[in-house]
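# A look at the structure
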Amino acid sequence: MTSDPKMSWDIFIQRFPDEARRVADIPDTFAPPPIGPRDEVISKIRAALPDARFDEPSWGTLQGDDYSIDFGIGDDEVLHGITLHVRGSDAVLPHINSVLRILDLRAIDSWTGEFFDPSVAAHSLARWRTYIEEGS
């Protein structure tokens with residue numbers, strides 16, 4: 001794949017309102033509550049993905065043979081969101097699911113504009129790969 005290393009399929013993780021079934025259900029006035037302290041969140045991610053590295057306080061990485069995830073966690077000590085910058089093959093999908101499961105959070109899929117749904121994630125990732133391969 002000859003993709004731009006800066007371009008990624010992005011997954012936005014926050015503590016969304018439980019009653020929201022679609023992104024449109026999130027009130028305009030919504031302010032995400034904290035996910036938790038940085039060290040605790042990183043510890044949970046590492047428990048789910050032991051090969052994840054957090055060499056920088058605001059950034060983590062997981063590198064597989066044909067995929068990668070960059071974890072954008074920001075500079076705050078208490079996290080309100082995480083962005084997963086995903087690249088590569090479908091082999092990355094179980095890792096995304098593991099992070100969401102261990103954090104007990106939901107996410108928004110940047111390609112669908114809706115809540116991340118494991119049953120359509122492969123299609124969404126494939127759309128991103130096609131976009132990249134066609135030269136964006």
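Look above for the structure.
The following refers to the structure shown. (Residues numbered from 1 in each chain as written. Predicted model: local features only at pLDDT ≥ 70, side-chain atom pairs only at ≥ 80, totals over all residues. Heavy atoms only, no water.)

### With respect to the pairing of strand E1 (residues 9-14)
Note: E1 against strand E7 (residues 82-88), 5 bridges, orientation antiparallel. Following the sheet pairing, Trp9 is matched in E7 by Val86. (Pairing = 2+ DSSP bridges. Helix = DSSP H or I, 4+ residues; strand = E, 2+ residues; numbered from the N terminus.)

### Some points on the environment of Arg38
Tracing the chain through its elements places Arg38 in helix H1 (residues 38-48). Sequence separation between Arg38 and Asp76 is 38 residues, and the spatial gap between their C-alpha atoms is 7.5 Å. Residues within four places of Arg38 in sequence aside, it is in contact with Pro57, Ser58, Ile73, Gly74, Asp75, Asp76, Glu77 and Leu79. A distance of 2.6 Å separates a polar atom in the side chain of Arg38 from the backbone oxygen of Asp76. (Contact = heavy atoms within 4.5 Å. Polar contact = N/O pair within 3.5 Å; in protein donor to acceptor, adjacent residues only side chain to side chain.)

### Considering the pattern of salt bridges
Two side chains that carry opposite charge are able to pair once their charged atoms sit near each other. One pass over the structure, following the stated rule, counts 6 salt bridges. Among the salt bridges present, the one from Arg22 reaches Glu114, with a minimum N-O distance of 2.8 Å. Of this pair, Arg22 sits in the loop between E1 and strand E2 (36-37) while Glu114 sits in the loop between strand E8 (106-109) and helix H3 (118-133); the two residues are 92 residues apart in sequence, bridging distant segments of the chain. Here Arg22 falls in the partly exposed class, since its relative accessible area comes to 48%. Measuring nitrogen to oxygen at the nearest pair gives 2.8 Å for the salt bridge that ties Arg53 to Asp55. (Salt bridge = Lys/Arg side-chain N within 4 Å of Asp/Glu carboxyl O. Buried < 20%, exposed > 50% of the residue type's maximum accessible area, 1.4 Å probe, protein only.)

### Remarks on the packing of aromatic side chains
Scanning the model with the defined rule gives 5 aromatic pairs in all. Look at Phe16 and Phe30: their rings are 6.3 Å apart centre to centre, the planes differ by 25°, and that puts the pair in the stacked class. In this pair, Phe16 sits in the loop between E1 and E2 while Phe30 sits in the loop between E1 and E2, placing the two residues 14 residues apart along the sequence. Ring geometry for Phe16 against Phe115: centres 5.3 Å apart, planes inclined by 70°, an arrangement best described as edge-to-face. Note that Phe16 is positioned in the loop between E1 and E2 and Phe115 in the loop between E8 and H3, a separation of 99 residues in sequence. Across the pair, exposure class does not vary: Phe16 and Phe115 are buried alike. Put simply, the rings of Phe16, Phe30 and Phe115 pair up and form one aromatic cluster. (Phe/Tyr/Trp six-rings, centres within 6.5 Å; stacked < 30°, edge-to-face > 60°.)

Remember that the coordinates give geometry; whether it matters functionally is a separate question.
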